[in-house]
Amino acid sequence: MFEHITPYAGDPIFALVDAFNRDTRPNKVNLSIGIYFDEQERLPVLQCVQEAEKRILAEGGAKPYLPMEGEAACRTQVAQLLLGAQHPALAEGRVATIQTVGSSGGLKVGADFLRTWLPESAVWVSDPTWDNHRSMFEGSGFTVNAYPYYDAATGGLRFEDMLACLKGLPARSIVLLHACCHNPTGVDLTPAQWDALIPVLRERELLPYLDLAYQGFGDGIAEDAHSVRALAASGLTFFVANSFSKSMSVYGERCGALSAVCASKAEADLVMGQLRYTVRRIYSSPAIHAARIVAHVLGDTDLRALWEGELAQMRVRMVQVRQALHAQVCALRPDRDWGFLLSQRGMFSYTGLSAAQVDILREQHAVYLIRSGRLCVAGLTQANVGRVAQALATVA
Ligand code: LMR
């Protein structure tokens, strides 16, 4: 029956996690998957989440099905978090938000929806992008193309080339954009660049589809939502898939959402109906525990304050280890420009190392990066950063 099927080569990110877990070397360092570890190299359980879970338990144990669109309080909190509580689009009922199985679930529901309702459109992703974006949209039946993004020569952004490419796209092309903390490069548009991009998206009648997996890991919760809020203010119709995996350290709970910001309430209602149907056909309805965690943490004043403080601590720690790595590797290899470690933001830096160099890092130094050269800054600690700097200095 299945002898003809193609063997799966494995996922480039998850396969490395398996290899890391099998590695018995005591000094191994995991800078591969996008997971935040603390200074003790542990996956933190945030206090705000622990407290929310106590309250959830105290409320009682019944676990009914959620509606297809997810839990109402969770959806309301998410929309406010993205747009700001007072955004007129919320009062106007122009935002259709569904709770999803992580932001990947949101991306997939959105992809299937768009394939049905914009069947002539193609998808454009940044070059490079998160490894799974292309597979996800191709899996929904789209042709996926890439627009210029990362500048290997400077470690920065090819903004003019990106704009020029987008200016040439057919109307209704779907443009996947990283709202902040670009994965894998750590290279973001500045607020001024977003403001220059938005008129192009409007003139070309393109559909922006934002992936916001790292809100709060760049500059702050509101700052990292600049792109979402600027698009909403411009009146453009767009999608945004967001995640709490990283920002609340609840990876396996699969807490995410998909929002469609539409031109009118009537349009948002239509979109909501079809999103619900799309969910029903894929996984029926999302996870109740995820909804309750998000609703409690975002909706309760003291838990919200606790979360914002814990999120800020994670953000500051990532900046500190970035700085430490930069200082140490510069001291060892002053002949090379390591400035990208400081200019790139969020969880990732793009080292420019080749796959062969990354293999040497892993095989000879037990330092794990993605083979594209992506380094997850959140796996660095003050204790391991010296070893990582030494390894980088040796292979670069
Ligand atoms: C990553 O990019 O490493 C994370 O977003 C985890 C994943 O699912 O790939």
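Residues numbered from 1 in each chain as written. Predicted model: local features only at pLDDT ≥ 70, side-chain atom pairs only at ≥ 80, totals over all residues. Heavy atoms only, no water.

Moving on to the overall build of the protein. When its secondary structure is counted, the protein shows 16 helices and 13 strands. At 21 Å, the protein has a C-alpha radius of gyration in line with the 21 Å of a compact globule built from 396 residues. Split into buried and exposed, the 396 residues of the protein put 56% on the buried side. Sequence separation of at least 24 residues holds for 76% of the intrachain contacts in the protein that already meet a minimum separation of 6. Carbon and sulfur atoms make up 54% of the accessible area of the protein, which totals about 16800 Å². (Helix = DSSP H or I, 4+ residues; strand = E, 2+ residues; numbered from the N terminus. Rg over C-alpha atoms; globule rule 2.2 N^0.38 Å. Buried < 20%, exposed > 50% of the residue type's maximum accessible area, 1.4 Å probe, protein only. Contact = heavy atoms within 4.5 Å. Areas by Shrake-Rupley, 256 points an atom, 1.4 Å probe, with all protein chains shown as cover.)

As a further point, take unusual backbone geometry. Cis peptide bonds are those with omega within 30 degrees of zero, and the linkage from Asp127 to Pro128 qualifies with 5°. Examined against the element boundaries, Pro128 turns out to sit in the loop between strand E3 (123–127) and helix H6 (131–139). Here Asn183 and Pro184 are connected by a cis peptide whose omega angle stands at 20°. Among the structural elements, Pro184 can be located in the loop between strand E7 (174–178) and helix H8 (191–203). One non-glycine residue, Arg254, lies in the positive phi region at around 60°. If you trace the backbone, Arg254 turns up in the loop between strand E9 (238–243) and strand E10 (255–261). Overall, Arg254 belongs to the partly exposed group, its relative accessible area being 31%. Its identity as a non-glycine residue notwithstanding, Ala366 has a phi of 60°, on the positive side.

Here the focus is the packing of aromatic side chains. For the structure shown, the criterion picks out 11 aromatic pairs. Aromatic pair Tyr147 and Tyr149: ring centres 6.4 Å apart, planes at 70°, arrangement edge-to-face. The class for Tyr147 is buried, based on a relative accessible area of 1%. On the accessibility criterion, Tyr149 (3% relative accessible area) is buried. (Phe/Tyr/Trp six-rings, centres within 6.5 Å; stacked < 30°, edge-to-face > 60°.)

Between helix H2 (residues 47–59) and helix H12 (residues 288–299), the least distance of the axes is 9 Å, while the angle of their chain directions is 115°. H2 and H12 meet at a crossing whose hand is right-handed. Packed against H2, whose contacting residues are Cys48, Val49, Ala52, Glu53, Arg55, Ile56 and Glu59, the element H12 presents His289, Arg292, Ile293, His296 and Val297 at the interface. In terms of residue class, the contact of H2 with H12 is built from six nonpolar, two polar and four charged. (Axes fitted to C-alpha atoms, helices over the stretch in contact; angles between N-to-C directions. Left-handed = near helix turned anticlockwise from the far one by under 90°. Nonpolar A, V, L, I, M, F, W, Y, C, P; charged D, E, K, R; others polar.)

Here E7 lies mainly inside the structure; five of its five residues are buried. Side chains of E7 alternate between two faces, with Ile174, Leu176 and His178 and Val175 and Leu177 buried alike. The pairing of E3 with E7 spans two bridges and is classified as parallel. For Val123, the partnering residue across the bridge sits in E7 and is Ile174. In this sheet, strand E8 (residues 207–212) lies alongside E7 in parallel orientation, the contact comprising five bridges. (Pairing = 2+ DSSP bridges.)

Looking now at the nonpolar core. Grouped together as the largest cluster of nonpolar side chains are 140 residues, with contacts concentrated most on Leu166, Tyr209, Trp307 and Met347. Ranked by residue count, the leading element in this core is helix H13 (residues 301–332), at nine residues. (Core = buried A, V, L, I, M, F, W, Y, C linked by side-chain atoms within 4.5 Å.)

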